[in-house]
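Chains, contacts and geometry: an overview
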Amino acid sequence: MDHQSAFIRAIKGEKLNPKPVWFMRQAGRYLPEYREKRAEAGSFLDLCFNPEMAAEVTLQPIRRFDLDAAILFADILLLPMFMGQELSFEAGEGPRLKPALQDGPVILSHDKLHDGLSPVMETIRLCREGLSEDKALIGFAGAPWTVATYMIAGQGVKDPSALRGYAYENPEKFEILIRELEIATIDYLRRQIKAGVNAVQLFESWASGLPVEFLRAFCLEPAMRIARALKADFPDIPVIAFPKGAGVQLKEYAEAGIFDAVSLGTETDPVWASETLSQHVSLQGGLDPLLVVQGGKPMLKAAENLLKTFEDKAYVFNLGHGFVPQTPPDNVAELVKFIRAF
Ligand code: 1CP
């Protein structure tokens, strides 16, 4: 199906007004209806692997707000969970992957990936059934480096860029790890597309603080190979890169000639992005999620600034990172209304 929602049209380069809109972490703890479903499921992972419930949680923000796209409810860490590490989310502590690669050898395998991730494909089918034609469904995966940081440390860490030290100490092991993640990610995203997603986003959440050569070799090039492999089979499915914190290296992502869009982090200067990137790719994102906690004038002023900067560009409104749990849903409603009316 050649999906022609406003979101897909803008991601493919159309300069639409009003701008299409969706939000990272639009499904999640800031919504009371999400907290209810999560309690019913028992745990975050039980929610991810229950297709009916995961589809319900995916659609919750679409029912509440006037958004152009839903993002599949799943997590970037489901992949390592089926490659040889045990994944858990302890209350208030974030993810744990055991054993951590930095603590000793782990045998990485692809054998369990297919069956393990099958519930996600069922979630996608249910979501697509529940969405009207004008709403896109976005699939996603973590980019190899970002997923590798969790696999190496066995948890989220304050400064993931410091884990490049592991790569320097274990160059062969590290290259195999990135390569294995790349192969698994291509397979996972291919399956998501076959199951019904209309676009895919690669989350490179920890692109900041890396030397340029490292970023090229282990962030940009794997992302390009993933996008190229997907485009070979599904040329019409857009690929969005989100290398958060990549700084001026965003230009290399934009000029790579394989991504349809680049998503901007909170720290990116929109004027620079508009002048430097927009002739190569569509752009997305940039609003500070903490301004949506605040709401009111500061939030609307920043939103207006983005909408004015990208008025004549192919742009999809979004945040510079995900919503935080303390975001008042009423502020989200006000923001969407403002974007629609602009
Ligand atoms: O209910 C809960 O307490 C769990 C919170 C939660 C949620 C709602 C986690 C745990 N993951 C998710 C869903 C999720 N994760 C989605 C789909 C929902 C949506 O966006 O609406 C997506 C796209 C992700 C992607 C994800 N997971 C990223 C990349 C984006 C980003 O935020 O940078 C990362 C880094 C993760 C890892 C992760 N998952 C969850 C936690 C607490 C973490 C660690 C985050 C960290 O280290 O700071």
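Look a little higher up for the structure.
Notes on the structure follow.

Definitions and limits used
Residues numbered from 1 in each chain as written. Predicted model: local features only at pLDDT ≥ 70, side-chain atom pairs only at ≥ 80, totals over all residues. Heavy atoms only, no water. Axes fitted to C-alpha atoms, helices over the stretch in contact; angles between N-to-C directions. Helix = DSSP H or I, 4+ residues; strand = E, 2+ residues; numbered from the N terminus. Parallel < 35°, antiparallel > 145°, perpendicular 65-115°, else oblique. Left-handed = near helix turned anticlockwise from the far one by under 90°. Contact = heavy atoms within 4.5 Å. Nonpolar A, V, L, I, M, F, W, Y, C, P; charged D, E, K, R; others polar. 1 Å grid on protein atoms, 1.4 Å probe; cavity = no way out; pocket = protein on both sides within 12 Å on 5 of 7 lines; lining within 4 Å. Points joined across faces, edges and corners; volume = space filled by probe spheres on them. Buried < 20%, exposed > 50% of the residue type's maximum accessible area, 1.4 Å probe, protein only. Pairing = 2+ DSSP bridges.

1. Here's the deal with the packing of helix α8 (residues 144-153) against helix α10 (residues 171-195)
Where α8 meets α10, the closest approach of the two axes is 9 Å, and the angle between their N-to-C directions is 120 degrees. Taken together, the axis directions place α8 and α10 in an arrangement best described as oblique. Note that α8 runs across α10; the crossing there is right-handed. The residues of α10 that touch α8, namely those facing P144, W145, V147, A148, M151 and I152, are F174, L177, I178, L181 and E182. A class-by-class count of the residues in the contact of α8 with α10 yields 10 nonpolar, no polar and 1 charged.

2. Here's the deal with the layout of surface pockets
Counted as a void, the largest pocket has a volume near 1,300 Å³. Surrounding the largest pocket, 39 residues form its lining, R25, R29, F44, D75 and F89 being those nearest its centre. For the lining of the largest pocket, the elements supplying multiple residues, two or more each, are α2 (32-41), α3 (44-48), β2 (86-90), β3 (94-98) and α8. Split into classes, the residues belonging to the lining of the largest pocket amount to 22 nonpolar, 11 polar and 6 charged.

3. Quick word on empty space enclosed by the protein
Tallying each qualifying case throughout the model produces 1 cavity of 30 Å³ or more. Empty space within the largest cavity amounts to approximately 30 Å³. Along the walls of the largest cavity sit L113, H114, L117, A184, D187, Y188 and R191, which together make up its complete lining. Of all the elements in the fold, those that place two or more residues in the lining of the largest cavity are α6 (113-116) and α10. By residue number, the principal contributor to the lining of the largest cavity is α10, which donates 4 residues. Across the lining of the largest cavity, the residue classes tally to 4 nonpolar, 1 polar and 2 charged.

4. Some points on the environment of D312
Note that D312 resides in the loop between α15 (296-309) and β9 (315-316). Of the residues examined, D312 reaches a relative accessible area of 59% and is grouped as exposed. Separated by 297 residues in the primary sequence, D312 and K15 have C-alpha atoms spaced 6.2 Å apart.

5. Observations regarding the pairing of β3
As paired strands, β2 and β3 are joined by 5 bridges and run antiparallel to one another. When the bridges of β3 are listed, E86 appears paired with K98. Between the antiparallel neighbours β2 and β3 lie 3 residues, among them G92 with a positive phi of about 75 degrees.

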